Amino acid sequence: MKRVGVLTSGGDSPGMNAAIRAITRTAIYGGLSVVGFFNGFEGLIKNKFEELDLTSVGGQMDKGGTFLGTARVPEFETSEGQKKATANLKKLGVDAVIVVGGDGSLRGAHVLYSYGILTMGVPASIDNDLWGTDYCIGFDTAVNTAIDAISKIRDTASAFERTFLVEVMGRNSGMIALYSAIAGGADCVVIPERSWNIDSLCASIKYGQERGKLHNLIVVAEGAGHAFNIAEQIKRKLNIDVRVTVLGHIQRGGTPSAFDRIIASRLGAEAVKLLLSGENDKMVGLTGHDINSVFLEDAFSKRPIIDDDLIELVKILAL
Ligand code: F6P
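Residues numbered from 1 in each chain as written. Predicted model: local features only at pLDDT ≥ 70, side-chain atom pairs only at ≥ 80, totals over all residues. Heavy atoms only, no water.

Some points on the pairing of strand β11 (residues 290-295)
Examined bridge by bridge, strand β10 (residues 282-287) and β11 share six bridges and lie antiparallel to one another. Among the inter-strand pairings, Gly285 is bridged to a residue of β11, identified as Asn292. Hairpin connection from β10 to β11: two residues lie between these consecutive antiparallel strands, with Gly288 at a positive phi of about 60°. (Pairing = 2+ DSSP bridges. Helix = DSSP H or I, 4+ residues; strand = E, 2+ residues; numbered from the N terminus.)

What follows is the structure, encoded as structure tokens:
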């Protein structure tokens, strides 16, 4: 192996630039040359790339987004697109590709492996929804963004003694919602991994009012139901004033937290080291403080388990 490619794909997440930097510098340290492909798998298909050297990855670590760009690329789901990408990689003499992204991106990495390209995945998704790693790059920053917003909303919620629903990202995942509910001191959390019903939500709001709480903060993961719809139901049942804030894409941006920069640096470096040691078709991840690796197919096809203790903690701490 002499030449390694790197790309970022799918939903961007804060810390992706730190991962590209770590991959590039570790690869150069290991005697490899590095090619950065633009806009995810599109860069492979359309041959859009640049050679990365020690300086080209400088000054990027503290920036959100990804300087290589990202995309969701339907053409890469076709065998024509996959063959074009593989042929371009072979022409460029790129032996291995490191894919930084979420489940769809790692699925793409596994496709490249099936065409004989060495591959490694680095988990990056604010949703933190990959099996085989406790943390994905970007999750910590997204949670910090969410709790910053929740704290501000609490101020006005208390002033007006209002009920607020805060919708956070997570199409299929309640991780941002759960962690930001705990860190933001929310009264309730609604996530797609657990069933919920409007009556128990209303009961918890009533309990809060009776116990003299100045506000009621409910964090809703987008995949669990639209916050505006839920708010309408609450208004109808309880005849109270309810406000909704949808945080949206601000959770995807911003300067990465120290934690995200550190895991991006560690995981990016490890991805290169594993390739150099002959491993392939894997995703690097974190278990506790330790770095591990799992097969790509497991990472994108299995789901991480939501810890029931954390859900209970939200309830206990909201008493
Ligand atoms: O990156 C994951 C995610 O943030 C989901 O939680 C969300 O549903 C989705 O991306 C939205 O992404 P986009 O607007 O880029 O399609």
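Some remarks on the state of the cysteines
Under the defined criterion, the tally for this structure stands at zero disulfides. With no disulfide of its own, Cys202 lies 9.9 Å from the sulfur of Cys188, the closest cysteine sulfur. (Disulfide = S-S within 2.5 Å.)

Regarding the environment of Ser180
Secondary-structure assignment places Ser180 in helix α6 (residues 175-184). Ignoring sequence-local partners within four residues, the contact set of Ser180 consists of Val143, Ala146, Ile147, Ile150, Val168, Gly185 and Val219. (Contact = heavy atoms within 4.5 Å.)

Focus on the sheet that holds strand β2 (residues 33-37)
Spatial ordering of the open sheet is given by β3-β2-β1-β4-β5-β10-β11, a layout of seven strands whose pairing is mixed. The open sheet has two edge strands with one neighbour each: β3 (49-52) and β11. For this sheet, the mean angle separating the axes of adjacent strands, direction not counted, is 25°. Relative to strand β4 (residues 96-101), strand β1 (residues 3-8) runs parallel, the two being bridged by five bridges. (Axes fitted to C-alpha atoms, helices over the stretch in contact; angles between N-to-C directions.)

Some remarks on the site of the ligand
Taken together, Gly11, Arg72, Ile126, Asp127, Met169, Gly170, Arg171, Glu222, His249 and Arg252 are the residues near the ligand. Measuring from an oxygen atom of the ligand, one finds a side-chain N or O atom of Asp127 at 2.8 Å. Contacts to the ligand include Glu222, whose side-chain N or O atom sits 2.6 Å from an oxygen atom. Mapping the ligand onto the cavity grids shows that it belongs to the largest pocket. In the shell around the ligand, the residues fall into two nonpolar, three polar and five charged. (Near = heavy atom within 4 Å. Polar contact = N/O pair within 3.5 Å; in protein donor to acceptor, adjacent residues only side chain to side chain. 1 Å grid on protein atoms, 1.4 Å probe; cavity = no way out; pocket = protein on both sides within 12 Å on 5 of 7 lines; lining within 4 Å. Sits in = over half its atoms within 2 Å of the grid points. Nonpolar A, V, L, I, M, F, W, Y, C, P; charged D, E, K, R; others polar.)

Digging into the packing of aromatic side chains
Centre-to-centre distance and the angle between the planes together describe a pair of aromatic rings. Overall, the coordinates contain five aromatic pairs when judged by the stated rule. Here Phe139 and Tyr179 contribute two aromatic rings whose centre-to-centre distance is 5.0 Å and whose plane-to-plane angle is 80°, an arrangement assigned as edge-to-face. Separated by 40 residues along the polypeptide, Phe139 in helix α5 (residues 139-160) and Tyr179 in helix α6 bring together distant segments of the chain. For Tyr179, a relative accessible area of 26% corresponds to the partly exposed category. (Phe/Tyr/Trp six-rings, centres within 6.5 Å; stacked < 30°, edge-to-face > 60°. Buried < 20%, exposed > 50% of the residue type's maximum accessible area, 1.4 Å probe, protein only.)

Remarks on the domain arrangement of the chain
Each assigned domain of the chain is listed here: domain 1 (3-138 + 256-301) and domain 2 (140-252). Taking the mean C-alpha position of each, domain 1 and domain 2 sit 34 Å from one another. The partner domain 2 presents 13 residues to the 15 residues of domain 1 that form the contact. Between domain 1 and domain 2 the total buried area reaches about 1100 Å² when both faces are included, carbon and sulfur atoms providing 47% of it. Counting across the domain 1 and domain 2 interface gives one salt bridge. As a salt-bridge pair, Asp12 and Arg252 come within 3.1 Å of each other at their nearest N and O atoms. Linking domain 1 with domain 2 are nine residue pairs in polar contact (both at pLDDT 80 or more), by the criterion used here. Counted by class, the side of domain 1 that touches domain 2 contains five nonpolar, five polar and five charged residues. (Domains from an automatic or database assignment. Buried area = accessible area lost by both parts, 1.4 Å probe. Salt bridge = Lys/Arg side-chain N within 4 Å of Asp/Glu carboxyl O.)

Looking at helix α8 (residues 227-238)
Between its first and last C-alpha, α8 extends 16 Å over 12 residues, near the 16 Å set by a 1.5 Å rise per residue. Within the span of α8, buried status applies to Ala227, Ile230, Ala231, Ile234 and Leu238. Buried residues of α8, viewed axially, fall in a sector of 100°; they line one side. Summarising the geometry of α8, the exposed residues directed more than 90 degrees from the buried face are Phe228 and Arg236. Among the structural elements, β6 (163-168), α7 (198-210), β8 (216-221) and β9 (242-246) are those in contact with the buried residues of α8. One or two residues past the end of α8 sits Asn239, with phi positive at roughly 55°. (Expected span 1.5 Å × (residues − 1). Arc of directions from axis to C-beta.)

Overview of the pattern of salt bridges
Scanning all chains against the criterion turns up 13 salt bridges. The partner of Lys235 in a salt bridge is Glu232, and the shortest N-O contact between them spans 3.3 Å. Of this pair, Lys235 and Glu232 both sit in helix α8, three residues apart, which is roughly one turn of that helix. Classification of Glu232 as partly exposed rests on a relative accessible area of 38%. Among the salt bridges present, the one from Lys302 reaches Asp298, with a minimum N-O distance of 3.6 Å. Among the ionic contacts, a cluster of salt bridges with common partners joins Arg162, Asp241 and Arg243.

Quick notes on the environment of Lys237
As for its placement among the helices and strands, Lys237 is situated in helix α8. For Lys237, a relative accessible area of 48% gives the class partly exposed. Sequence separation between Lys237 and Val57 is 180 residues, and the spatial gap between their C-alpha atoms is 55 Å. With sequence-adjacent residues up to four places away left out, Lys237 is seen in contact with Ile198, Asp199 and Cys202.

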